[in-house]
Amino acid sequence: MSFLALERVEKTYPNGTRAVKGVDLAIEEGEFIVLLGPSGCGKTTTLRMIAGLELATGGSIRLAGREVTLAKPSERDVGFVFQFYALYPHLDVAANIGFPLEATGVGRAEREKLVREVAEELDLSHLLARRPRELSGGDQQRVALARAMVRKPAAWLMDEPLGTLDADRRLEMCEFVRARQLRARVTTVYVTHDQEEAMRLADRVVVMSDGLILQDAPPLDVYDEPASLFVARFVGSPGMNFVEGEVRERDGTVRFRPRGAELELAVPRGAKPGPATLGVRAEFVGVVRGDGRATLRGRVKVDEYLGSSRSLHVDTPLGRVVARGDADAPSAVGEEVGLELALDHVRLFDPASGRRLA
Amino acid sequence: MSHALELRGVVKRFGATTALDGVDLVLGADEILVVLGPTGAGKTTLLRTIAGLEAPDEGSLVFAGRDATHAAPAERDIALVFQNFSLYPSWTVRENLAFPLGAPGRALNPSEIEARVQAAAATLRIPHLLDRAARHLSGGEMQRVAIGRAIVRRPKLFLMDEPLTNLDAKLREALRVELVELVRSLRLPMVYVTHDQAEALSMGDRVAVLSAGRVLQVGDAKSVYLAPASPLVARQLGSPPINLFEARWSDGWWRASDGVPLAPAERPNALAATLGVRPEHVLPTGGSAPARIEVVEDTGPTRVLLVACGASRWHLLVPRRFEARVGDELRPRIDPARVVVWPASA
């Protein structure tokens, strides 16, 4: 039996809206799970049912060996972390961090020990006697984080905790969350719509859409082997490139024929003839500058310099294709370039159902 | 050729606070300039001053060769798009788009208005939404309409104040590209303000880094990224952030404060310096000092490592094929050709 187990969990609201349509999740002790999806996909409702802030209308939830489906939040031993909220201005940093411990009746000596421990992990030890207003914005956020994660309940449940932070601060906070979780080994379920955050943090990413789980796998598996078109598009920055067409067999060779273009592309082993959507990630589209031979040619409409890489947005006879380019190369905007798709990294999907074919 | 816009020594104070502290900037005829800075840097005040919503306390603004320091906002012919798309919720998309065209002194005949609305809707791929009430739109659709309302006017200059900030990560990424294509196709200049380093690097012809009301550096993204003028500028760009070291030179090496050798160098004039090294310029092997991996994060094509080396923590950006587990030891090597050195001031 898993440490945290959801079986066919459903949530139907009185007005008939089915927010969660039967979710199965098995989470081992100490795992970090990220529920990822666009707004309205059911990820937050799922988290709130684990917390007991909403009650499931079907299925069961077990946590730490106990059935908790209809238990009160206070009976579940979970820590719920919302967006990091403001600190108490009249309390020093130590008292701010220790507040949740005091509220749950932890004794003074134990409290001081736990506060020292988390402060050390987040590099806050030298600030414990200060007031919040004496801290920089970044330090204040680390204090808020320390306060949120000072307790070690059976599970941490986090609902977009980094939601309002600037992009540059988010990365730093991601690392704090992950490092603290790795040390404390508290089972964690974290909700976000940001795929990059999900990839960075998770042991397993659970991609949700329309109240259902589309895929539940380690980050790189979701990235490399997306179970559907939706996952392939949602995960990755940029999302996968897609080309509509048909897999054909002729003289014993199976090839992909894009719609409306006079060319053929190699396909993965096991591809069966029929309509298909071909997908390939930007880093597996090679860019050939100059007049070199290439499968596909097109004009670079936008060349996004991103510091450690570039994204070349190329208009081709097959539509827009994004390729990941070398950051050190000069801008290719306006240029005609050749593109090569790496066969090993091409994926095929059923255009009707969106499901993975090969 | 005259610039679309020129700011000369612009100062703006609010009481005791100096929001803009002597800003000089020029904007080319069809240039996209991205202004990057953290909250409170003065970005919004800068845009409001250009738009004429704030009057500068000192300095001047020149539009296409003509002084406009004291010109009324309407005379400047500028379109401003905000972070919070301010549409009229009960109006249709068509009515929202047509609104700026009915402004006094701008009255166009109804067929001209409809033609412009149609053209803007087509450009932004929202013709199917024209009869929908704004309150029924998604966030991305609303922001498209807000941008559409800026382009129907055919202004001389676009000013955008973090227009993508409130959107989902996925949508932001897509709209960032669309917006650049749109503005390029209109051949109009734009000042685009953001705190998002990816937008700053990717969207503009040049990026200006603003901090505490001052422009710290202006240049094309690559030069600002690779040769930042100061550690403060360096930290604003790049994800993961640049590694910074307080270093001293001895025996042919820059060394961290704990003695860990960082990069070989000829004897410099100043023996103390701040060193900056981008995470992609730290190789995971080939160095001498041992480092312990504390965090491994995958982003898809690359992985980010956080390692403890001596008394400091370093970020490495390595190819995803690189095998790394938390707790493993490696010996990172800094590419000496890529180190940025800021000599300590005497």
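Residues numbered from 1 in each chain as written. Chains lettered and ligands numbered in written order. Predicted model: local features only at pLDDT ≥ 70, side-chain atom pairs only at ≥ 80, totals over all residues. Heavy atoms only, no water.

Looking now at helix α2 (residues 93–103) of chain A. Residue and element names in this part refer to chain A. Where α2 is concerned, the buried positions are V93, N96, I97, G98 and L101. Regarding α2, its N-cap is D92, as a side-chain oxygen of that residue lies 3.3 Å from the backbone nitrogen of A94 further along. Two residues or fewer after α2 comes G105, characterised by a positive phi angle close to 80 degrees. (Buried < 20%, exposed > 50% of the residue type's maximum accessible area, 1.4 Å probe, protein only. Helix = DSSP H or I, 4+ residues; strand = E, 2+ residues; numbered from the N terminus. Polar contact = N/O pair within 3.5 Å; in protein donor to acceptor, adjacent residues only side chain to side chain.)

Another point: the packing of aromatic side chains. Going through the model one piece at a time under the given rule, you end up with nine aromatic pairs over all chains. Residues Y88 of chain B and W91 of chain B carry aromatic rings whose centres are separated by 4.3 Å and whose planes lie at 25 degrees to one another, so their mutual orientation is stacked. An angle of 70 degrees between the planes, with centres 5.2 Å apart, marks the rings of F245 of chain B and W314 of chain B as edge-to-face. Of the two residues, F245 of chain B sits in strand β11 (residues 243–250) while W314 of chain B sits in strand β18 (residues 312–319), which places them 69 residues apart along the sequence. We note that F245 of chain B, like W314 of chain B, is buried. Through a chain of ring-to-ring contacts, three or more aromatic side chains come together here, namely Y88, W91 and F99 of chain B. Taking the ring centre of Y223 of chain A as reference, the NZ or CZ of R281 of chain A above it sits at 3.9 Å. Its guanidinium or amino end placed over the ring of Y225 of chain B, R278 of chain B lies 3.9 Å from that ring's centre, counting from NZ or CZ. (Phe/Tyr/Trp six-rings, centres within 6.5 Å; stacked < 30°, edge-to-face > 60°. Lys NZ or Arg CZ within 6 Å of the ring centre and 35° of its normal.)

Time to look at the pairing of strand β14 (residues 272–277) of chain B. Residues and elements named next belong to chain B. By the criterion of burial, β14 is predominantly enclosed, with five of the six residues buried. Taken together, the six bridges between β11 and β14 define a ladder with antiparallel strand orientation. Note that in β14 the partner of R248 across the bridge is A272. Here four bridges tie β14 to strand β21 (residues 340–343), and the two strands are oriented antiparallel to one another. (Pairing = 2+ DSSP bridges.)

Residue and element names in this part refer to chain A. Along the chain, G334 turns up in the loop between β18 (319–325) and β19 (336–341). The exposure class of G334 is partly exposed, given its relative accessible area of 37%. With near-sequence residues (within four places) excluded, G334 lies in contact with R299 and V300. (Contact = heavy atoms within 4.5 Å.)

Turning next to the environment of S239 of chain B. The topology assignment puts S239 of chain B in the loop between α9 (231–236) and β11. Separated by 76 residues in sequence, S239 of chain B and H315 of chain B place their C-alpha atoms 9.8 Å apart. Residues contacting S239 of chain B, with those up to four places away along its chain left out, are L171 and R200 of chain A together with Q197 of chain B.

Moving on, we come to unusual backbone geometry. Of the consecutive residues S237 of chain A and P238 of chain A, the connecting peptide bond is found in the cis state with omega at 0 degrees. Cis geometry is adopted by the peptide bond preceding P240 of chain B, which originates at S239 of chain B and carries an omega value of -5 degrees. Note on placement: P240 of chain B falls in the loop between α9 and β11. The backbone phi angle of D77 of chain A is positive, close to 55 degrees, even though this residue is not glycine.

Right, let's talk about the interface of chain B and chain A for a bit. On the chain A side, the residues contacting the 37 residues of chain B number 40 residues. Carbon and sulfur atoms make up 51% of the area that chain B and chain A hide from each other, which totals about 3200 Å². In this structure, the connection of chain B to chain A is made through five salt bridges. R320 of chain B serves as the salt-bridge partner of D224 of chain A, at 2.6 Å between the closest nitrogen and oxygen. Along the contact surface separating chain B from chain A lie 13 residue pairs in polar contact (both at pLDDT 80 or more). Of all the secondary-structure elements, those providing two or more residues to the side of chain B that touches chain A are α6 (169–186), α7 (197–203), α8 (221–226), β16 (291–298), β17 (302–309) and β18 of chain B. Of all the elements, α6 of chain B adds the most residues to the side of chain B that touches chain A, at six residues. (Buried area = accessible area lost by both parts, 1.4 Å probe. Salt bridge = Lys/Arg side-chain N within 4 Å of Asp/Glu carboxyl O.)

With that out of the way, let us pick up the nonpolar core. The nonpolar side chains of a soluble globular protein tend to be buried, and buried together. With 51 residues, the main nonpolar core has V93, F158 and Y192 of chain B as its most contacted residues. The greatest single-element share of this core, amounting to six residues, is contributed by helix α5 (residues 139–151) of chain B. Those residues in contact with V93 of chain B that sit more than four places away from it in its chain are I126, L129, L130, R132, L137 and V145 of chain B. Formed by 48 residues, the second largest nonpolar core is a distinct cluster that contains L87, A119, Y190 and L220 of chain A. (Core = buried A, V, L, I, M, F, W, Y, C linked by side-chain atoms within 4.5 Å.)

So, on to empty space enclosed by the protein. Residue and element names in this part refer to chain A. Considering all chains together, one arrives at five cavities of 30 Å³ or more under this definition. For the largest cavity, the calculated volume is near 60 Å³. Together, N241, F242, V243, V280, L296, L318, R320, V321 and L341 line the largest cavity. Going through the elements one at a time, β11 (241–250) and β18 are the ones with two or more residues in the lining of the largest cavity. The element contributing the most residues to the lining of the largest cavity is β11, with three residues. In this structure, the second largest cavity encloses a volume near 50 Å³. Residues of the lining of the second largest cavity, tallied by class, amount to three nonpolar, one polar and three charged. (1 Å grid on protein atoms, 1.4 Å probe; cavity = no way out; pocket = protein on both sides within 12 Å on 5 of 7 lines; lining within 4 Å. Points joined across faces, edges and corners; volume = space filled by probe spheres on them. Nonpolar A, V, L, I, M, F, W, Y, C, P; charged D, E, K, R; others polar.)

Residues and elements named next belong to chain A. Read from one edge to the other, the open sheet built from five strands follows the order β15-β19-β16-β17-β18, with strand pairing classed as antiparallel. Each edge of the open sheet is held by one strand with a lone partner, namely β15 (285–288) and β18. If you compare each strand with its neighbour and ignore which way they point, the axes differ by 45 degrees on average. Here strand β17 (residues 310–316) pairs with β18 via seven bridges, running antiparallel. (Axes fitted to C-alpha atoms, helices over the stretch in contact; angles between N-to-C directions.)

All names here are of chain A. Spatial ordering of the open sheet is given by β2-β1-β4-β5, a layout of four strands whose pairing is antiparallel. Of all the strands in the sheet, just β2 (18–27) and β5 (66–67) have a single pairing partner and so form its edges. Where strand β4 (residues 58–63) and β5 come together, two bridges link them in antiparallel fashion. By the bridge assignment for β5, R62 is matched with E67.

Next up on the list: the side chain of E297 of chain B. Within the fold, E297 of chain B resides in strand β16. Judged by its relative accessible area of 0%, E297 of chain B falls in the buried class. A distance of 2.5 Å separates a polar atom in the side chain of E297 of chain B from a polar atom in the side chain of R200 of chain A. In this structure, E297 of chain B is in contact with L171, C174, E175 and R200 of chain A together with T302, R303 and V304 of chain B, ignoring residues within four places of it in sequence.

Here the focus is the packing of α2 of chain A against helix α3 (residues 108–121) of chain A. Residue and element names in this part refer to chain A. Running from N to C, α2 and α3 point in directions that differ by 125 degrees, and their axes come no closer than 9 Å. As judged from the angle between their axes, α2 and α3 are oblique. Crossing of α2 over α3 shows right-handed handedness. Taken together, the residues of α3 that come into contact with α2 (itself represented by A94, I97, G98, L101 and E102) are R111, L114, V115 and V118. (Parallel < 35°, antiparallel > 145°, perpendicular 65-115°, else oblique. Left-handed = near helix turned anticlockwise from the far one by under 90°.)

This part takes up the domain arrangement of chain A. Residues and elements named next belong to chain A. Assigned domains of chain A: these are domain 1 (4–233) and domain 2 (241–349). Listed by partner, the interface residues are eight residues for domain 1 and six residues for domain 2. A buried area of about 720 Å², summed over both sides, lies between domain 1 and domain 2, and 55% of it is on carbon and sulfur atoms. The interface formed by domain 1 and domain 2 holds one salt bridge in total. (Domains from an automatic or database assignment.)

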